[in-house]
Amino acid sequence: MKLIIDDANVDKIKKICEFYPVDGVTTNPSILAKSGRQPFDVLTEIRELIGEKAELHVQAVAAEAEGMLLDAKRITEVLGRSTYIKIPAVPEGFKAMMALKKKGYRVTATAIYTPMQAYLAGKCGADYAAPYINRIDNMGYNGVAVAKKIHDIFKKNELPTEVLAASFKNSQQVLELCEYGIGAATVAPDVIELFVKNPAINAAIDDFTADFEGLVGSGKSLKDC
Ligand code: E4P
């Protein structure tokens, strides 16, 4: 499972990239608005920071297919042809997805709440389909179960589309999908930091340090021995 950062705050992305093995960055219009910066200013900085090989997902905002194609053109002109164009899984979006795939774009179907949306996006040739785990949970359904069902639909129908699960609020949701072998999860920096936030881990490391320093002296490590 790929691990992707769901944010457009450059400082936070920089910090996560320094300490965690991540595969890229996803954004959406609300995330861009939260950055308070002009879209292509912040996106260009993110692209430069993560490099051409990392995944960058940027959402088209036009409401109709023709406009989505123009958004996609502009996105890839500025951020590179490898950039994934996020397209909502609605009828205008399906039309855009089919046209984009014909032109060789990378496509991430987004705003997915139901397996049927994902199935249709897969039939349109989308590379990824992004179900919103926590938002589905908040509607009284089970977001993780929906993502697993979508994964199974893709495999059983031999569709190459992968699940890119989004909208996480805790590490258990991510772990369950990792165990299931979905394609990718995009997670906000504060949730990524929760993955290993565990007092037992820190206590174990503190004990090792104390024992070792008791042997060789305070502040010393193996390089000093
Ligand atoms: C990503 O593609 C989604 O837009 C995003 O993860 C939604 O997350 P939220 O439900 O935390 O806003």
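What this report covers is the structure whose coordinates are included nearby. (Residues numbered from 1 in each chain as written. Predicted model: local features only at pLDDT ≥ 70, side-chain atom pairs only at ≥ 80, totals over all residues. Heavy atoms only, no water.)

## So, the site of the ligand
Here's step 1: The environment of the ligand is formed by Asp6, Asn28, Lys86, Thr110, Tyr132, Arg135, Ala166, Ser167 and Lys169.
Here's step 2: Between the ligand and lysine 169, the relevant distance is 3.2 Å, taken from an oxygen atom to a side-chain nitrogen or oxygen of the residue.
Here's step 3: In the complex, 83% of the free accessible area of the ligand, which totals 340 Å², lies under the protein chains.
Here's step 4: Among the detected pockets, the ligand sits in the largest pocket. (Near = heavy atom within 4 Å. Polar contact = N/O pair within 3.5 Å; in protein donor to acceptor, adjacent residues only side chain to side chain. Areas by Shrake-Rupley, 256 points an atom, 1.4 Å probe, with all protein chains shown as cover. 1 Å grid on protein atoms, 1.4 Å probe; cavity = no way out; pocket = protein on both sides within 12 Å on 5 of 7 lines; lining within 4 Å. Sits in = over half its atoms within 2 Å of the grid points.)

## Side note on the layout of surface pockets
The probe, sized like a water molecule, is rolled over the atoms to show the empty space still left.
Here's step 1: Taken as a whole, the largest pocket holds about 530 Å³ of empty space.
Here's step 2: Lining the largest pocket are 28 residues, and of these Asp6, Asn28, Ile31, Lys34 and Ala188 lie nearest its centre.
Here's step 3: Secondary structure elements with two or more residues in the lining of the largest pocket: helix H2 (29-35), strand E5 (106-112), strand E8 (184-187) and helix H10 (189-194).
Here's step 4: Ranked by residues supplied to the lining of the largest pocket, first place goes to H2 with four residues.
Here's step 5: Of the residues in the lining of the largest pocket, the class split is 11 nonpolar, nine polar and eight charged.
Here's step 6: A volume near 170 Å³ is recorded for the second largest pocket.
Here's step 7: Lining the second largest pocket, in full, are Pro29, Leu32, Pro39, Phe40, Leu43, Val58, Gln59, Ala60, Val61, Asp71, Arg74 and Ile75.
Here's step 8: Taken together, the elements giving at least two residues each to the lining of the second largest pocket come down to H2, helix H3 (39-50), strand E3 (55-59) and helix H4 (65-79). (Points joined across faces, edges and corners; volume = space filled by probe spheres on them. Helix = DSSP H or I, 4+ residues; strand = E, 2+ residues; numbered from the N terminus. Nonpolar A, V, L, I, M, F, W, Y, C, P; charged D, E, K, R; others polar.)

## Considering the pattern of salt bridges
Here's step 1: Counted according to the given criterion, the structure contains 10 salt bridges.
Here's step 2: Between lysine 73 and glutamate 77 there is a salt bridge, with the nearest N and O atoms lying 3.0 Å from each other. Residue lysine 73 and its partner glutamate 77 are located together in helix H4, separated by four residues, close to a single helical turn.
Here's step 3: Relative accessible area serves as the criterion here: at 53%, glutamate 77 is assigned to the exposed category. (Salt bridge = Lys/Arg side-chain N within 4 Å of Asp/Glu carboxyl O. Buried < 20%, exposed > 50% of the residue type's maximum accessible area, 1.4 Å probe, protein only.)

## Observations regarding the packing of H4 against helix H5 (residues 91-102)
Here's step 1: Two elements in contact, H4 and H5, have axes separated by 8 Å at closest approach and are oriented at 45 degrees. Between H4 and H5, the interaxial angle falls into the category oblique. Seen from above, H4 lies across H5 with right-handed handedness. For the pair H4 and H5, the contacting residues are Ala65, Glu66, Met68, Leu69 and Ala72 in the first and Glu92, Gly93, Lys95, Ala96, Ala99 and Leu100 in the second.
Here's step 2: Grouping the constituent residues of the contact of H4 with H5 by class yields seven nonpolar, one polar and three charged. (Axes fitted to C-alpha atoms, helices over the stretch in contact; angles between N-to-C directions. Parallel < 35°, antiparallel > 145°, perpendicular 65-115°, else oblique. Left-handed = near helix turned anticlockwise from the far one by under 90°. Contact = heavy atoms within 4.5 Å.)

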